[in-house]
Structures are given as C-alpha cells and as structure tokens.
Amino acid sequence: MPSPHSANTATGSSLPPKENAQFKRILKCYEQKQYKNGLKFAKQILTNPKFAEHGETLAMKGLTLNCLGRKDEAYDYVRRGLRNDLKSHVCWHVYGLLQRSDKKYDEAIKCYRNALKWDKENIQILRDLSLLQIQMRDLEGYKETRYQLFQLRPTQRASWIGFAMSYHLLNDYDMTLKILEEFRKTQQKAAYDYEHSELLLYQNMVIQESGDISGALEHLMKYEPQICDQAHFLTTKGSLLLKLDRAGEAKAIFEELIQRNPENHESYKFLEQASGADTPAKKLAIYVKYRGFYPKAQAPQRLPLNYAEGQEFRDLVEPYLKKALRKGVPPLFVDLKPLYKNPDNCAILEEICTTYLKHMRANGTFDGKTREPPTALLWLLYYLSQHYDYKSDYATALQLIDEAIAHTPTLIELFLHKGKIYKHIDNREEAAYWMDEAQVMDRADRYINCKSAKYLLRANQVKEAEEMCKWFTRGGVPAMESLNEMQCMWFQTECAGAFERLGKYGEALKKCIEVDRHFTEIIEDQFDFHTYCMRKLTLRSYVDLLRLEDVLRSHPFYEKAAFCAIRVYLRLFDKPITDDDKLNEIDTENMDPSELKKLRNKQKKAKRKAELEAQEMQQLQARKELHNKSQKKNDDELDAPQKDELYPDKLERPEDPLGEALKFLEPLQLLAADRLSTHVLAFEIYFRKRKPLLMLQSIKRALNTPNTPPNDPQLHSCVIRFQKFVDENRQSFPAPVSQVLDRETQSIFADKSAVQRNRDFLSANDQSLNHVAVGAEMSVVLDGSEASQKAALKLIGELERFKTGVDIKTCSDIFHKLEEGVYGSVGVAGLDGFRQSCAQQFPLTILFNPELKKQSKTTTTSADPNEPKSGDNSSHEVPDSEP
Amino acid sequence: MPDSSSSPSSTCTSPMAPGSAPAGPIDPRYSRIDLGDITQHNIKLLKKVNAVVFPVVYHAKFYTDVLEAGELAKLAFYNDIVVGAVCCRIDIEPATGLRKLYIMTLGCLAPYRRLGIGTAMLKHVMDYVERDGQFDGVFLHVQINNESAIQFYRKFGFDIVGTKEQYYSRIEPADAHVLEKRLTSQATTGGTPHPPPLVNGNNPKDDPDSHKTNNGHEREH
C-alpha cells in the first residue's frame, strides 16, 4: 500500500521536534509494516495531553489499525483526525487510502482531491489519484493528473509514458504520437533493449490505430534493427503490406514466416490472401506446393481439407486418415469435425472408414496391402464411434465403442467417449459412471478428473463431484471452498446448474454470486498492473488488458452464471419459497404400522446422520476460523475487506427477486447485447414487473440481434405474451405510453390478433418441433380451455411428422414442461403418451424408457472410489484367443 | 469370481498370437514397444489387463506388493497404450535355500500377441536376473496344454522340470507344468513336483497362512 506522504516536509508540522520525530517514525513503521511499533509511537504522542487530539497522528493511528484488521476503529480514528485538522493533506490522503483499501474508489478519489487542495504538488498523492482514475476509467481526470505528474517530474520515464497513454486511451492519437516521439528521441539505445523494442511496437500500435497504415509501415521499417520480437515484426509488416495492397511483398514475408514455423495456420491464411488465392483451386495449389516443401508438417496436410470437395477431398483425406490411424492420434475426430459441416464430406469419411474397418477386421490392413499395427483397428473403431455419435446414431456408436473396449480395455479415451455418448443420450448417471471408469484408470490425469466431476454435476451428484475434485484441491480446506478460492468457475457454474435442477435455489444462487464476485475480483486485480506495466513498458499488453477488463463480464462464465441466477430469481418470483416447503409432507395417518415404523426408523437415521454432519461442519468451521486467524497473524497486510457470507436460506428468500435478477442482467445488456437470450431474459423480468415499455425495448433489441430469424420460437413466445398483456391492460396505461406502444408495435404485431399470429406461426413452421412446441404452448396461454389444451397436445404428440427439432434435448424439455403443467392439466395427463412416442424415437434414453434404469450403470452405489466397481468382476470369461 | 484358495502359483499366457499368419511385417515406425513402471495412478490398468488375460481375480495384496516390486513388475506399452504386464517376485526354496525368480504373471492382450511384446517383457526379466547375478533360476507355471506358451519359454532356454497335478481349481486341464531356466548348477529336484508350496516373499518363515490369504491364481487353457 502506498504511503501517505513521501517527499514532503510539511507532515507533523504542528508538532515540536521530539514529537515530530516520533510522528516520522510512525510513517516509517507503516511503510515497513511494523504496525505494532507504529501504534506504540502514536500512543507516545497521543498520551501527551497537549497533542491528544493531534489530527495527523490520529489519522495515522487509524490507518495502522486498518492494517491490523480493525476496520471500525480505523474509521473512527481517521475521521476524528480529519475533523481536528481539515486542512491537512496528510489527513485527507490517509482517509483516501482507507477508503481505497475498502474498495470505495469514488470516495477515495474525492479525498485525494481534497488532499491536493492543501498540497498541490504532492507527487505521491497525484500518483495514487492517477491509479484510481485509470482503475475507474475516469479518463479525462486521468489525463489531467498525468499532465501534472509530467510537469512535476519531466525527467522520469513513467511520466512520459503515462502522459502519452492518457491521450491514447482517449483516442487522441496525434497527441499520443507526439509525446511518444519526443520521448523516444530522449532515449539511449542499448544493443539489445527489449523495453525499447516494446516501446517502439507500442508506438507502432498507436499509429495503426490512428488509421495511418503507410505511416505505420514506414515507422516499422525505420526501427526494424531495434525491434526484438521478430515474429511479431514480420506478422505486422506482412499484414500492413496486405492492407496497403502490396501483396507481392507481403507474400514474401508470409513465406518467410511459414519457413520459421510451418505449423502456424495464421501464416497460411495470410499467404492465401497475399497470393490472391480466392478460389478453392488456387488455395489447394498453395498447399500442394507446401506439402512438397515441408513433408513432415501437419498444417499443409490439414488445411487443404477445408477447401477440397468430392473426389479431391477423398484423395486428400485418405492419406491423412491412414497416417493418423497408424500413428494413433487421439483427437483425430475433433480435428476433422469442422469438415462435417459439409454433409458430402461426412458421407465420404463414413464410407472410407467403414471400408477400412471391413479390411482391418478381416486381415489387419486398410486396403488389403500393408499390414497395420493392431492399434490402427482400435483408433479406427474409436473414430467411427465418434462419427456415429456425431450423427446421433447412438446405438451404432455404442456398439463400436464396446468393440473397441473389448479389443483394448486399457485405453482411457474409449471410456471417456462412452461416457460422452451416454451424455448425448441424456442418461446422465450412466455418463458419469463411464467417466468415473476412465478416471480411475489414471488418477494423475487432472483433465479426466475434472471431466468426471463435471459429469457428476450434470447428474446432480454435487457431493460426489466435490469428492472427485478433492484429488486435486488443497488439503485441510473443504474442496468446495478451495475451488471457490481458485476461482474454478467451470465447477461453480456447473454446480449452480445442478442445484437449480435439484430445486436448491439458495445454493444455486450462492454459486452464481460467487462467480459474479470472481469477476469483480478480476477487475480489482487490475490495480496491480497499472504501476507494473508502466514500469516494465509492456504497453501493448497493458492496453489490451485495459480493453479486456472493460468488457470482462461478456465472458461465457459470467453469462452462464447470470442466466442461471436470473432463471432462479424468476422462479422464486413465480413461486416464492415459504417456510412450509421444508416440512415433511408425508401423510402418516394413512400408513400401516409397519410402514410407519420403517419411516420412523428412516427419519431417526436421517436425523442422526444430519447431527453427525452438523458436528463435522462445526469442527470444520472451527478449524477454518483457526486457519483464518493464523493467516491474519501472518498476513499483516489484510487489505481485502471481509466479504459478506452467503447464506443459501436467506438467498432463496429475496425481498425483491426481480431487482436481484436485474443486477445480473445489466452487465449482459451492456456487454452481451448481441445475444438473443439476454433480451429474452430481460423480457421475462419486465413481463413480471409489468413494464410494457421495457418489454417493448427487450423485444426490439431481440429482433435486432444478429442471426436471429424473425420466427425464432423464443422470440415468438415473448411477442405473443407481450401482445396479450398489451391487449388486456391497454386501459390502464397512461396516454403517452399507449401512444408509444401503438406506434412501435405496429410493425411487430402487423395488425394481427395474438391468436391469429400464433396460428400463422404454427402453420408456417409446422415441420419444426421447436416451433410447434412453443406455438402450442402459446395457444394454451392465449386460450386455456380444455379443447385448446387438447389441440396443443395433439400438435406436439406426433413426433414422426416433424422434419427438424426432434432431438433428445427438445423432447426432454417438452417432457418437463408437460410435467410442470405448462400445457395445462390435459398436458399432464398426456405425459405418458408423449413419453411413449419419445421412447420410439430414442430407445436408449432412460427418461423416456424408465425400464432401462435397472440395467444402467450408475455411480451412486460406489462408496469407496478406490474399490473396483461391480463391473470389474463381470468380465472373466476365458478369452478365446489360443489356437 | 471368488478367489481360489489354491497355493500361490504363476499364470503365464502365451505371448503368441492366434489366427492366420501375418500378411507381412508392420512398419516398425508404427510399432513401438516400451516397458513402464506401475504406479498407484495406473495400477487400475494392470487390473484391467489381468482381468482380461487371466480368468482369475487377484487379491488386493497382489497389487500392493506389485507397487513395491520395482523392476520386477512392469507394464508393456504398445504405441503408448498399455497392452500387457509382467509381475515377478523373488522366492527362496525352503528346502534347498535356492534363490529363484518366480514369474507370477506374464501376459498380453489378445490382439497384441506375436508382436514381440512377450519377448520384450521376458527379456527385461532375464536382463534383470543377469544383472543381479545372484539367482539360481527363473521359473513359472504353465497349464499343460498350452503348447504355444511352452514353446515360447523353450526359446529362452526354459525346460519342463516338473508337473503339478490339480494345480488349478476351476479350469481344465487342471495340471500345470513347472518351467524353469536354471542359472547355476543346483541340486536337481527331478521331474517330480516341487516339494513344499512356495511361500511368497524372501522369508520362508513367513506367517504360514500367508499363502492362503495370498494371491491364489490360476492359469487359463
């Protein structure tokens, strides 16, 4: 933490020499983190009745106390000190530091400004202020402060850099470049000076951003000898030449880059551009050439597959496949998967591989010629299984993977993939079982461990997942806590999802809020980089960092957590949790005595178990506190304020669930405005808040998101409900609202009634299950009569007639909606009928075929992960291998 | 399958492959054989191999011992995939005091036989024995009808030195040959079965029950 004074002589001025000396020692102690000693000196001054109310000493005492974790006292002392000496920059600075340590940056900025009133040229305060300003992105203020610092310390490198950068961040490129150029002139160049090179590249970046491409190229060429990062130099030079339409020169550059690294896909893309290869044939010609140059390189083998078609594709992919299968390249399918976008490629690959398989099974060759290693058959089976899994042909995929496992039961990838197939079938427990099988085969593999934990979470087995993670988390602390500490967000978002499905809404919210806090923390952590990057001159990366932090919450992890939290809050608004929910609703009166006895025993056991667990928790808690205490002792610099503990019970009973949901939504509206779900969820919130204009806003924004077709089912659902709401409540709107609505909805509603629009939607999209399911749901919303419900059920019941959308996810979503009563009581009654027609489509999915449950493998029974599963002992038939 | 309580014995399959003659040699670039250590992280792979290759469930003790066995227990990798394993222990014959290496298991998954993996494992064992220099012999048990296995071991200088009747409890034929390669001139015990049952470990005065609770194992075929 910075110190509140530094090069200033005015501190403690109102004290006589002896006390003044003591005061200086307080400052010194503070800097050296000898807080106890600091307090001692403060006491020596303050016990003298003459100076008992000495403002600066009181303030320093407060600041020292803050470092010892005594925050409340700290605030008391600092405020008292300030009251006693409002004209002291020290007191103001101290107050600012205290607020800063409390993350109240706006307040801290005000304090620093006050301090500067009394000591205009205090470098330390100006520096602290500039840090806060850049952190808070007060760019104008930052510019002014950097200007002052520059004037006060024109000889320091950081003054120049900060000054220039403050203009860059405001997009004032000219000024930035002028300052940088002046600064560069003052620099002495060493023979190999990485920092200077970085500075030049930063300067070049600014020139490029200003739009002066030829200027950037000129600058780059001028300083070529001083630039250390040659790869970056070449790439920049090449792409600048491309932008300047000097393709011939650019081509030479990218040829050189490929020579440096023939595996860099980016260089090839640039080379295509520079060579003017705008047709697949021209692009292919380039790769033919480079295959000759670098026969061992992978990139010129793989990249042309993206362009080839038909026979040409077949000719190229065959040697590629053979080589990979021989060698044993586990991610072969992942590598080729992008090519499946073209259905012809998919068919060709299937044909090639099934032919190989026939030969391999018969005589161990791909095509009757050379003998291949037995592992080639194994990898071929693995590849084909993934191929059929991709095509949703799960039965074939399973059959092939089982053959592969029988061939070589020691290859971990096979079990991973088997788990994945079951995941796609939506048998989550079975998926988790196979992932666990893979996991026990290599306990040292963290990837498989994490996968296994994730699959357990998908199967809603939170405890088991936590146990799984324990293999890799720090000992002594519960895994859940350790994972939070490490900001392990994939785990936390998956965990939130599991809790949501389990109806443990408080726990789910806790996880979502933890994720949100990580993002806050990452933004806080920026603070350290402001000084560090300036000092190290890694300015390009620093600017990238600032830009990244500006849009940090557009990250998928935040989105996932926010969506989950919003869904939960909506659920809690629709059906608030009452205290009765927790009570056991088992009707004991109508039970026969033996059943009742069993139940009582069960309850007793459960109670005992709960007590035991509570005890364990208590012990853990105690240990944790001890741990925290000892940490506090070691860690004198306790500058993070203790976060509010999150209590699930409290979280699931929010006073204003929609308000809480909005808090999660706002960053998304700002940073993920191009995603449909953002606006759909916004609509759901405002719909419940009964805010017609905001509903309209959400719908309009949703309509404007890229790649959203006007007939998107989610969007349709919003519009229909919006129209119904407007129709029903028109009378209650104030006149201006009505006017806006009338004007703005005209194009959306298109002069049709909601019923009519829904009917049109259904008939226009009657081949798609996704659309019909939503249309049917809306027809029930618009008309809840039994007849309407029956019609809706009939619409979705005949799965055979749909051309698209009949997949496991859509069907299980509909299944759950029927169950919840979204399609009315008729829907609930029709649940089993729907299940049966799903069962015909998806004979492997347990949800639709509950009788499969008994045969499926699950992890729930395995108590000790070290013990082999029952599956282990089942495979002891004598192999029929000997002649 | 429950554990059999038969006396400790070895289980060695033939590393030879079945079926038709190979169409030709496999390109050696794509046919790599390595031996690797058995650790607590990958021990499950050894269990998988044993479960498929031998019709016997080995006891937990077998696996904990293997973890301590160092060079005497190895996994065989073919193109980086575990396809076989060899596990040995050192035995002192209580009657004669001879120090011998006993191959408990040596086996390889069926699709990978006749590729030299068994040879690599046996060679590793013989190299170990030679480096050590203090062994009187190397021996193992083979089911009497397992011609290919017997042939395989003969190639390395093993001979049938005895036959144990009813050695296996649940597979037919139940008799096993004792194959041994003698390294020093030892007092011949002749073609009759070895006298007392072999005791696991170096110390013949071990808990006399140890071999009962131990890894009883059998041979296939």
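Calculation notes
- Here, residues in each chain are numbered from 1, in the same order as that chain's written sequence.
- Just so you know, chain letters begin at A and ligand numbers begin at 1, following the order they were written in.
- With the structure being a predicted model, the display of local features is reserved for residues of pLDDT at least 70 and the display and counting of side-chain atom pairs for 80 or more, all residues being used for whole-chain, interface and lining totals.
- Based on all heavy atoms of the structure, the side-chain values leave hydrogens and waters out of the count.
- UniProt positions are given in the numbering used here, feature names are shortened, and annotations may be inferred rather than shown by experiment.
- For helices the rule is a DSSP run of H or I covering at least 4 residues; for strands it is a run of E covering at least 2, with both sets numbered from the N terminus onward.
- Throughout, exposure labels follow a simple rule: accessible area from a 1.4 Å probe, protein chains only, divided by the maximum for the residue type, with under 20% read as buried, over 50% as exposed, and the rest as partly exposed.
- The contact definition used throughout considers only heavy atoms, calling two residues in contact when any of these lie within 4.5 Å.
- In this description, accessible areas are obtained by the Shrake-Rupley approach with a 1.4 Å probe, and a residue is regarded as covered only by the protein chains that are shown.
- When charges are counted, neither His nor the chain ends are considered; positive counts come from Lys and Arg and negative counts from Asp and Glu.
- The location of each charge is read from NZ of Lys, CZ of Arg, CG of Asp or CD of Glu.
- Should DSSP find at least two bridges between two strands, the strands are taken to pair.
- Any two of the Phe, Tyr and Trp rings considered here, Trp counted by its six-membered ring, make a pair once their centres fall within 6.5 Å; the pair's planes then place it as stacked at under 30 degrees, edge-to-face at over 60, or tilted in between.
- We call a charge positioned above a ring when the Lys NZ or Arg CZ atom is no farther than 6 Å from the ring centre and deviates by at most 35 degrees from the ring normal.
- Disulfide: a pair of cysteine sulfur atoms within 2.5 Å of each other.
- Helices are assigned an expected span. That span is 1.5 Å times one less than the residue count.
- The pLDDT value tells you how sure the predictor is about a given residue, anywhere from 0 up to 100.
- The axes are straight lines fitted to the C-alpha atoms, using for helices just the contacting stretch, and the angles between their N-to-C directions are given from 0 to 180°.
- With respect to orientation, any angle under 35 degrees is reported as roughly parallel, any angle over 145 as roughly antiparallel, any angle of 65 to 115 as roughly perpendicular, and every other angle as oblique.
- Each crossing is labelled by how the near helix is turned from the far one, with a counterclockwise turn of less than a right angle marking it left-handed and a clockwise turn marking it right-handed.
- Polarity classes work like this: nonpolar for Ala, Val, Leu, Ile, Met, Phe, Trp, Tyr, Cys and Pro, charged for Asp, Glu, Lys and Arg, and polar for all others, with Gly in that last group.

Chain B has the name N-terminal methionine N(alpha)-acetyltransferase NatE in an unreviewed UniProt entry, where Tigriopus californicus is given as its organism. On record in UniProt, under Subcellular location (unreviewed entry), the comment for chain B is "Cytoplasm".

As annotated in an unreviewed UniProt entry, chain A is N-alpha-acetyltransferase 15, NatA auxiliary subunit from Tigriopus californicus.

Student: Tell me about the overall build of chain A, and name the residues and values.
Tutor: When its secondary structure is counted, chain A shows 45 helices and zero strands. Each principal axis of the C-alpha distribution contributes one length, and for chain A these read about 100 × 85 × 75 Å. The buried share of chain A, taken over its 883 residues, is 49%. Contacts in chain A between residues far apart in sequence, at least 24 positions, make up 61% of those at least 6 positions apart. Here chain A has roughly 44200 Å² of accessible surface; of this, 51% comes from carbon and sulfur atoms. Each charge sign in chain A was given a centre, from 128 positive and 129 negative side chains, and these centres are 4 Å apart.

Student: So, the pairing of strand 6 (residues 137-143) of chain B: which residues are in play, and what are the values?
Tutor: Residue and element names in this part refer to chain B. For strand 6, the tally of buried residues reaches seven of seven residues, placing the bulk of the element in the interior. Note that strand 6 and strand 8 (residues 176-182) share seven bridges and pair antiparallel. Paired with F139 across the strands is E180, a residue of strand 8.

Student: Mind laying out the packing of aromatic side chains, listing which residues take part and the relevant values?
Tutor: If you walk through the whole model with that rule in mind, you get 41 aromatic pairs over all chains. Members of the aromatic cluster, each reached through a chain of ring pairs, are Y147(A), F150(A), W160(A), F163(A), Y167(A) and F183(A). A cation over a ring is seen here: R721(A) above F687(A), with NZ or CZ 5.3 Å from the ring centre. In this arrangement the basic side chain of K47(B) is found over the ring face of Y63(B), its NZ or CZ atom lying 5.2 Å from the centre.

Student: Would you mind going over the environment of V53(B) in detail, with residue names and values included?
Tutor: Residue and element names in this part refer to chain B. Residue placement: V53 occurs in helix 1 (residues 43-53). Classification of V53 by relative accessible area gives buried; the value is 1%. On a C-alpha basis, the gap between V53 and G84 in space is 8.8 Å, while along the polypeptide they are 31 residues apart.

Student: I'd like a description of the UniProt feature "repeat: TPR" (unreviewed entry) in chain A, backed by residues and values.
Tutor: Feature annotation in UniProt places "repeat: TPR" (unreviewed entry) on residues 89-122 of chain A, given in this structure's numbering. End C-alpha to end C-alpha, residues 89-122 of chain A measures 9 Å, and it is 79% helix and 0% strand.

Student: Summarise the UniProt feature "domain: N-acetyltransferase" (unreviewed entry) in chain B; cite the residues concerned and give the values.
Tutor: Here, the residues flagged by UniProt with the feature "domain: N-acetyltransferase" (unreviewed entry) are residues 33-184 of chain B. Annotated as 30% helix and 35% strand, the span residues 33-184 of chain B places its first and last C-alpha atoms 31 Å apart.

Student: So what's going on with the state of the cysteines? Which residues, and what values?
Tutor: Residue and element names in this part refer to chain A. On inspection of all chains with the given rule, the structure shows zero disulfides over all chains. Free of any disulfide, C533 has its nearest cysteine sulfur in C228, 18 Å distant. The class of C533 is buried, set by a relative accessible area of 6%. Note on C564: no disulfide assigned, nearest cysteine sulfur contributed by C512 at a separation of 3.7 Å. Taking the relative accessible area as the measure of exposure, C564 reaches 3% and is therefore buried.

Student: Which residues make up helix 23 (residues 412-425) of chain A, and what values do they have?
Tutor: Since the α-helix turns once every 3.6 residues, residues separated by three or four places project in the same direction. Here helix 23 of chain A is 14 residues long and its end C-alpha atoms lie 20 Å apart, about the 20 Å a rise of 1.5 Å per residue gives. The element helix 23 of chain A is largely enclosed, with a buried count of 10 among its 14 residues. Along helix 23 of chain A, the residues classified as buried are I412(A), L414(A), F415(A), L416(A), H417(A), K418(A), G419(A), I421(A), Y422(A) and I425(A). Tucked into the core, helix 23 of chain A has its buried residues touching helix 21 (374-390), helix 22 (394-407), helix 24 (428-441), helix 25 (446-458) and helix 43 (808-820) of chain A together with helix 1 of chain B. Phi turns positive one or two residues past the end of helix 23 of chain A, at D426(A), with a value near 75 degrees.

Student: Residue-level account of the confidence of the model for chain A, with values.
Tutor: Regions with low pLDDT carry predicted coordinates that are not meant to be interpreted in detail. Residues and elements named next belong to chain A. When pLDDT is averaged across chain A, the result is 89; 91% of the residues are at 70 or more. Counting interchain partners and residues more than four positions distant, the pLDDT-below-50 stretch residues 632-641 has 16 contacts. Note on residues 861-883: pLDDT under 50 across the span, and 35 contacts to partners over four residues away in sequence or across chains.

Student: I'd like a description of the packing of helix 3 (residues 55-67) of chain A against helix 5 (residues 89-101) of chain A, backed by residues and values.
Tutor: Residues and elements named next belong to chain A. For the pair helix 3 and helix 5, the least separation of the axes is 9 Å and the interaxial angle reads 15 degrees. The angle between the axes of helix 3 and helix 5 places the two elements in the roughly parallel class. Relative to helix 5, helix 3 is oriented so that their crossing is left-handed. Residues G55, E56, A59, M60, L63 and N66 of helix 3 form the contact with helix 5, whose own contacting residues are V90, C91, V94, L97, L98 and S101. Considering only residue class, the contact of helix 3 with helix 5 consists of eight nonpolar, three polar and one charged.

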